[in-house]
Amino acid sequence: MVGGGGVGGGLLENANPLIYERSGERPVTAGEEDEQVPDSIDAREIFDLIRSINDPEHPLTLEELNVVEQVRVQVSDPDSTVAVAFTPTIPHCSMATLIGLSIKVKLLRSLPQRFKMDVHITPGTHASEHAVNKQLADKERVAAALENTHLLEVVNQCLSARS
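Residues numbered from 1 in each chain as written. Predicted model: local features only at pLDDT ≥ 70, side-chain atom pairs only at ≥ 80, totals over all residues. Heavy atoms only, no water.

Regarding the sheet that holds strand S2 (residues 81–86)
Okay, step 1: Taken in spatial order, the three strands of this open sheet run S1-S2-S3, and their pairing is mixed. The open sheet has two edge strands with one neighbour each: strand S1 (73–76) and strand S3 (116–121). The mean angle between the axes of side-by-side strands here comes to 10 degrees, regardless of whether they run parallel or antiparallel.
Okay, step 2: The sheet contact formed by S1 and S2 spans four bridges and is antiparallel. (Pairing = 2+ DSSP bridges. Helix = DSSP H or I, 4+ residues; strand = E, 2+ residues; numbered from the N terminus. Axes fitted to C-alpha atoms, helices over the stretch in contact; angles between N-to-C directions.)

Some remarks on the layout of surface pockets
Okay, step 1: The computed volume of the largest pocket comes to approximately 370 Å³.
Okay, step 2: What lines the largest pocket is a set of 14 residues, and nearest its centre among them are Lys 104, Leu 108, Phe 115, Met 117 and Lys 139.
Okay, step 3: Of all elements in the fold, only helix H3 (96–110), S3 and helix H5 (139–147) reach the threshold of two or more residues within the lining of the largest pocket.
Okay, step 4: Considering each element in turn, the lining of the largest pocket owes the most residues, four residues, to H5.
Okay, step 5: Residue classes in the lining of the largest pocket are distributed as ten nonpolar, one polar and three charged.
Okay, step 6: Taken as a whole, the second largest pocket encloses approximately 160 Å³ of empty space.
Okay, step 7: Considering the residues around the second largest pocket, the lining is formed by Thr 97, Leu 98, Leu 101, Gln 135, Leu 136, Arg 141, Val 142, Ala 145 and Leu 151.
Okay, step 8: Listing elements by their share of the lining of the second largest pocket, those giving two or more residues are H3, helix H4 (129–137) and H5.
Okay, step 9: Grouping the constituent residues of the lining of the second largest pocket by class yields six nonpolar, two polar and one charged. (1 Å grid on protein atoms, 1.4 Å probe; cavity = no way out; pocket = protein on both sides within 12 Å on 5 of 7 lines; lining within 4 Å. Points joined across faces, edges and corners; volume = space filled by probe spheres on them. Nonpolar A, V, L, I, M, F, W, Y, C, P; charged D, E, K, R; others polar.)

Some words on the nonpolar core
Side chains of nonpolar character tend, in soluble globular proteins, to be buried together.
Okay, step 1: Within the largest apolar cluster, 35 residues are counted, with the highest numbers of intra-cluster contacts made by Phe 86, Ile 103 and Leu 107.
Okay, step 2: Top contributing element to this core by residue count: H3, with seven residues.
Okay, step 3: In contact with Leu 107, other than residues within four places in its own chain, are Ile 46, Leu 49, Ile 50, Val 82, Val 84, Met 117 and Val 119. (Core = buried A, V, L, I, M, F, W, Y, C linked by side-chain atoms within 4.5 Å. Buried < 20%, exposed > 50% of the residue type's maximum accessible area, 1.4 Å probe, protein only. Contact = heavy atoms within 4.5 Å.)

Set out below in structure tokens:
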């Protein structure tokens, strides 16, 4: 374990995570720029929203740590549903709930209100996946968490652009 770094400023749980290459930016098509053409929300658009969220423990994005991948994003624009599975870097990651909350807040702030969101841990990748998923699925718990000014500040740090 190594000291320093991260939002908490304490010891790192995963001091040497694997770092993955960022995928390229999505080219914008003429149809997407045309305001007269309806533009449905797809998995790549959701991935683009969440890929640059900062990890709470490392100066890296969730994409760079392979916590989020486009293949684990499912969207049905007609049904107004979005499902995001995320994979913590280690099975006992204590930041899993904070990461899930950050993803959920980013989506809540970015998507039309008609969308139902399911943010959950990729099955079999975390020791407490059931408990974390239960917390993330509970609207009242999420709302209460976001009323906690310290927790909201930490989430906002995860969502802010790195300088």
